[in-house]
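Below are the chains, spelled out letter by letter.
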Amino acid sequence: MERLRIDSEIGTLKRVILHSPGLEVESMTPDEAEKDLYNDIIPLDSVLSEYTQLKSFLGSIAKMYELVDILKECLDDQGNKYEFLAGLSRCFPVGSAMERLMAMEAGDLANAVIRGIPSPRGSLASLVDPGSYLSRPLPNAYFMRDSAAVLGEFLISSAMAFDVRSVEAVITRFIFTHHPDFLAREVLFDGPSERNRYLTMEGGDIAVLSPGILAIGISERTTASAVEKLARNALRWAAGAAGGELCIFAVDLPKERATIHLDMVFTMIDRDAALVYEPVILGPGRSRVFRIEPGRNGKLKFYQEDSLLKGLRKKGLDLQPVLCGGRDPLSQKREQWLSGANSFAFGPGKIIMYSCNKGTAEALSAAGFEIRSAKDFMEGGLSAFGFKRLAVTFDGVELARGGGGARCMTLPVERESIA
């Protein structure tokens, strides 16, 4: 039995969960794109061509798992299958089809939940709308980061801000509470159960910077009330991770589409470096930052910091900023929109990111990062761990139109500890 372990953003990656985009992406019409949280519809063939570069690279350096395969293994047990469908019925009206769904093979059911379960023929829903679903397709499912986060051996199950994504958190919570290789020690935040209009939290807003230190975005998808609730519960993680020390930096992000999560403006990329979107993290109009620490008798203490990086410096994390888009304001805005700050670290000083963000790549190069294409490693036999600092690039213009980057599409479940 494997164990979960995430105590940093940059520890060498051991295990990661992905979901390859499938037919659920092409179930979306132009009329539905906005309510499905997309900027536009995207063609599956193009998306898969780009996504395969990310998947192939990560599969060459770590154990890579597909979400549908893990869910299928959980659903092989009939008791688990009934429990899962009962949970799904709290989000969608699948109860009327319970007998049929219970009779499905586990793999078929796992795929159906992602791709959508059509309304049965002859039902009123199908007569009103022949294209209706009992359980809607999940075109955002390949953004694995949003539905869950791992802290040490603990799980944060997201309380998704929009109904269209609520089932994603139901799926990942089910996996982390039923599969022996992904079993969480405890659920610190049970989003599907606790979600309401005032209490939402998504994994893209959560960064585990070191044992006992978190950065969390207060965004259009994560509320201040949810951050405070997690801060109280996270003491149980901190007790083992850092001898009881806990410090959370809550970043009050602009509530707009470009900054839906913290990882759209800030990602840690090395022991002493972070990729940042300057206007939100460093500029004169930068986001407010609140430091949260435990007080006496279970109460929390709140302090306002001048900036995220200055606050982290007080706690011994001196991160030098590398600017998304470089120093040109126009390039910064364009590349932030294309997820230029949304990199994924697979080791200290080793990240993967979109190749379309040229200004960001130049800023990384100036900071000592070797810039190489994912194809160099897949076709050229290079070792990604043979570089001191490395930024691996892969094609992602179509993927970026979905609204996320490399970090959004990855859910790491085990990393090596940072020495």
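Quick caveat: nothing in here was measured; it's all calculated off a predicted structure.

1. Comments concerning the sheet that holds strand E10 (residues 247-252)
Part 1: Read across the open sheet, the five strands follow the order E8-E9-E10-E13-E14; overall the sheet is mixed. The sheet terminates laterally at strand E8 (206-210) and strand E14 (300-305), the two strands that pair on one side only. Sheet twist, expressed as the mean angle between neighbouring strand axes with direction ignored, is 25°.
Part 2: Sheet topology places strand E9 (residues 213-218) next to E10; six bridges connect them, and they run parallel. When the sheet's bridge partners are listed, Ile213 is paired in E10 with Cys247.
Part 3: Together, E9, E10, strand E13 (288-294) and E14 form the strand contacts of helix H10 (residues 224-233), whose direction differs from that of E9 by roughly 160°.

2. Here we look at the state of the cysteines
Part 1: Across all of its chains, the model carries zero disulfides by this definition.
Part 2: Counting only cysteine sulfurs, Cys356 is the nearest neighbor of Cys324, a cysteine outside any disulfide, at a range of 10 Å.
Part 3: Among the residues examined, Cys324 registers a relative accessible area of 0% and is labelled buried.

3. Here we look at the sheet that holds strand E6 (residues 154-157)
Part 1: On the basis of which strands lie adjacent, the open sheet formed by three strands has the order E5-E6-E7 and mixed pairing. A single partner strand is all that each edge strand has here, and the edge strands are strand E5 (148-151) and strand E7 (187-190). Mean inter-strand twist for the sheet, computed between neighbouring axes without regard to direction, equals 15°.
Part 2: Here E5 pairs with E6 via four bridges, running antiparallel. Bridge assignment links Ala149 to a residue of E6, and that residue is Ile156.
Part 3: Along the sheet, H10 makes contact with E6 and E7, crossing E7 at roughly 160°.

4. Some details on the pattern of salt bridges
Part 1: For the coordinates displayed, the defined rule picks out 32 salt bridges.
Part 2: A salt bridge links Glu194 to Lys229; the nearest nitrogen and oxygen atoms lie 3.1 Å apart. Taken as a pair, Glu194 in helix H9 (residues 191-194) and Lys229 in helix H10 lie far apart in primary sequence, 35 residues in all.
Part 3: Here Lys229 falls in the partly exposed class, since its relative accessible area comes to 29%.

5. A closer look at helix H15 (residues 358-366)
Part 1: Buried within H15 we find Gly359, Thr360, Ala361, Ala363 and Leu364.
Part 2: Just downstream of H15, Gly368 is the residue with a positive phi angle, here 95°.

6. A word on the nonpolar core
Part 1: Ranked by size, the top nonpolar core spans 69 residues in total, and within it Ile17, Phe84, Ile171, Phe176 and Trp237 carry the most contacts.
Part 2: Ignoring any residue separated from it by four or fewer positions in sequence, one finds Phe176 in contact with Leu4, Ile17, Ala148, Val150, Leu155, Phe182, Leu183, Ala184, Leu411 and Val413.
Part 3: Within the second largest apolar cluster, 37 residues are counted, among which are Met268, Val276, Ala361 and Leu364.

7. Things to note about a nonpolar patch on the surface
Part 1: Taken together, Leu124, Leu127 and Val128 make up a surface patch of nonpolar side chains, about 380 Å² in accessible area.
Part 2: With respect to the secondary-structure elements, Val128 resides in helix H7 (residues 124-128).
Part 3: Classification of Val128 as exposed rests on a relative accessible area of 66%.

8. Describing helix H4 (residues 78-88)
Part 1: Within the span of H4, buried status applies to Asn80, Lys81, Phe84, Leu85, Gly87 and Leu88. Down the axis of H4, the buried set is contained in an arc of 155°. They therefore lie on one face.
Part 2: In this structure, the buried residues of H4 make contact with helix H3 (67-75), helix H5 (98-103), helix H6 (106-115), strand E4 (133-135) and helix H8 (166-178).

Thresholds applied
- What you see as residue numbers is a count from 1 along each chain, following the sequence as written.
- Given that the model is predicted, a residue must reach a pLDDT of at least 70 before its local features are reported, and side-chain atom pairs must reach 80 or more before they are shown or counted; all residues, however, enter totals for whole chains, interfaces and linings.
- By convention in this description, side-chain values take in all heavy atoms of the structure and omit both hydrogens and water.
- The rule for pairing is simple: two strands pair if DSSP sees at least two bridges between them.
- Only runs of H or I of at least four residues qualify as helices and only runs of E of at least two qualify as strands under DSSP, and these elements are numbered from the N terminus.
- Every axis corresponds to a line fitted to the C-alpha atoms, with the helix fit spanning only the stretch in contact, and the corresponding angles, defined between N-to-C directions, vary from 0 to 180 degrees.
- A contact between two residues is defined here by any heavy atoms of the two lying within 4.5 Å.
- Cysteine sulfurs are considered disulfide-paired once they come within 2.5 Å of each other.
- Here's how the labels work: a residue is buried when its accessible area is under 20% of the maximum for its type, exposed when over 50%, partly exposed in between, all with a 1.4 Å probe on protein chains only.
- What counts as a salt bridge is simple: a side-chain nitrogen of Lys or Arg found within 4 Å of a carboxyl oxygen of Asp or Glu.
- Buried Ala, Val, Leu, Ile, Met, Phe, Trp, Tyr and Cys residues form a nonpolar core when they are joined through side-chain atoms within 4.5 Å.
- For patch detection, residues must exceed 30% relative accessible area and be free of salt bridges, and they are connected within 9 Å for like charges or within 5 Å for nonpolar side chains (Val, Leu, Ile, Met, Phe, Trp, Tyr).
- Note on areas: these come from Shrake-Rupley sampling with a 1.4 Å probe, and a residue is covered only by the protein chains present in the view.
- The arc in question is formed by the directions pointing from the helix axis toward the C-beta atoms.

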